[in-house]
Amino acid sequence: MPELVRDTEGYVTPECAEELFRFHPEVVLYCPEIPQNTGSISRLCAAMSSPLHLLEPMSFTITEKKLRRAGLDYWPHVRLAVHANWESFLETRPNRRFVFVETGGTTSPEQFRFDPGDVLVFGGETGGIPRAIIESTAKRTEAHLVTIPMFNRGVRSLNLANTVSIVLYMAIAKLHQHG
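Residues numbered from 1 in each chain as written. Predicted model: local features only at pLDDT ≥ 70, side-chain atom pairs only at ≥ 80, totals over all residues. Heavy atoms only, no water.

1. Focus: the confidence of the model for the chain
For any part of a model where pLDDT is low, the fine detail of the predicted coordinates should not be relied upon.
Thinking step 1. Of the residues in the chain, 94% have a pLDDT of 70 or more, and the chain-wide mean is 89.
Thinking step 2. Model confidence for the chain, summarised as mean pLDDT per element, is weakest for helix H3 (residues 65-71) at 59 and strongest for strand E1 (residues 26-30) at 98. (pLDDT = per-residue confidence, 0-100. Helix = DSSP H or I, 4+ residues; strand = E, 2+ residues; numbered from the N terminus.)

Listed below in structure tokens is the structure:
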């Protein structure tokens, strides 16, 4: 675990932030649809020193005003990569552990043991992650399914930005707690 070296204002040093980018989970948005969610998630990734991957097709462009506004002036701090599709992204992450966050699982983020450098995959707002992608990835490499438990049957899912916030923060907190 990287040592958290802070400057006089309480922020981690640039060198420490660079180490955290390798230690913290990476966030993958599979075909995101709402620019404001993606902008908010990009801001979260910048704050948490977690790389962000966007997989096409997206229903917006990364230059869209709503996306830029939601990310405010934090875009220079986002470690962002855009990939043409799932397969092209997968080629960039051989032998990595994938944690799919999707409805229908039985393990909550609270129960799951996260590892440094995990790849957290979140689906688009209306379509989620196709089961075929989850299953084919599990055949190639280590993959897990994590679900945020919901207690009201009338609620199908949470907002994507909220879901990423919950899971990413829990993963980082656990990683720093267990080293």
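More follows now that the structure is in view.
2. What to know about the nonpolar core
Thinking step 1. By size, the foremost hydrophobic cluster in this structure holds 29 residues, and its most contacted members are Val 27, Leu 29, Ile 41, Leu 52, Phe 114, Phe 122 and Val 164.
Thinking step 2. Within the residue set of this core, elements represented by two or more residues are E1, helix H2 (35-48), strand E2 (52-55), strand E4 (98-101), strand E5 (119-123) and helix H6 (160-178).
Thinking step 3. With eight residues, the top contributor of residues to this core is H6.
Thinking step 4. Discounting residues that sit within four places of it in the chain, Leu 29 has contacts with Thr 38, Ile 41, Leu 52, His 53, Leu 54, Leu 55, Phe 122, Leu 160 and Val 164.
Thinking step 5. Listed in part, the 14 residues of the second largest apolar core include Tyr 30, Trp 86, Leu 90 and Phe 100. (Core = buried A, V, L, I, M, F, W, Y, C linked by side-chain atoms within 4.5 Å. Buried < 20%, exposed > 50% of the residue type's maximum accessible area, 1.4 Å probe, protein only. Contact = heavy atoms within 4.5 Å.)

3. Here's the deal with the pairing of E4
Thinking step 1. Alternating residues of E4 divide into Phe 98 and Phe 100 and Val 99 and Val 101, and every residue in both groups is buried.
Thinking step 2. Here E4 runs beside E5; their pairing, made up of four bridges, is parallel. Along E5, the bridge assignment pairs Phe 98 with Val 119. (Pairing = 2+ DSSP bridges.)

4. Brief notes about a nonpolar patch on the surface
Thinking step 1. On the surface, Met 150, Val 155, Leu 158 and Ile 166 cluster together to form a nonpolar patch covering roughly 280 Å² of accessible area.
Thinking step 2. Relative to the elements of secondary structure, Ile 166 occurs in helix H6.
Thinking step 3. Since its relative accessible area comes to 37%, Ile 166 is described here as partly exposed. (Patch = residues over 30% accessible without salt bridge, like charges linked within 9 Å, V, L, I, M, F, W, Y side chains within 5 Å. Areas by Shrake-Rupley, 256 points an atom, 1.4 Å probe, with all protein chains shown as cover. Salt bridge = Lys/Arg side-chain N within 4 Å of Asp/Glu carboxyl O.)

5. Section: the packing of aromatic side chains
Thinking step 1. One pass over the full model with this rule turns up six aromatic pairs.
Thinking step 2. Plain terms: the ring middles of Trp 86 and Phe 100 are 6.0 Å apart, the flat faces sit at 45° to each other, and that makes the pair tilted. Linking Trp 86 in helix H4 (residues 86-91) with Phe 100 in strand E4, this pair joins segments that are 14 residues apart in sequence.
Thinking step 3. Look at Phe 100 and you get buried, because its relative accessible area is 0%.
Thinking step 4. Measuring from ring centre to ring centre gives 6.3 Å for Phe 89 and Phe 98, while their planes differ by 85°; the resulting arrangement is edge-to-face.
Thinking step 5. On the accessibility criterion, Phe 89 (0% relative accessible area) is buried. (Phe/Tyr/Trp six-rings, centres within 6.5 Å; stacked < 30°, edge-to-face > 60°.)

6. A look at the layout of surface pockets
Thinking step 1. Estimated volume of the largest pocket: approximately 650 Å³.
Thinking step 2. Taken together, 22 residues form the lining of the largest pocket, with Tyr 11, Val 12, Ala 46, Ala 47 and Ser 49 sitting closest to its centre.
Thinking step 3. Secondary structure elements with two or more residues in the lining of the largest pocket: helix H1 (14-23), H2 and H6.
Thinking step 4. By residue class, the composition of the lining of the largest pocket is 14 nonpolar, six polar and two charged.
Thinking step 5. Volume-wise, the second largest pocket comes out at about 440 Å³.
Thinking step 6. Here the residues of the lining of the second largest pocket are counted per class, giving seven nonpolar, eleven polar and three charged. (1 Å grid on protein atoms, 1.4 Å probe; cavity = no way out; pocket = protein on both sides within 12 Å on 5 of 7 lines; lining within 4 Å. Points joined across faces, edges and corners; volume = space filled by probe spheres on them. Nonpolar A, V, L, I, M, F, W, Y, C, P; charged D, E, K, R; others polar.)

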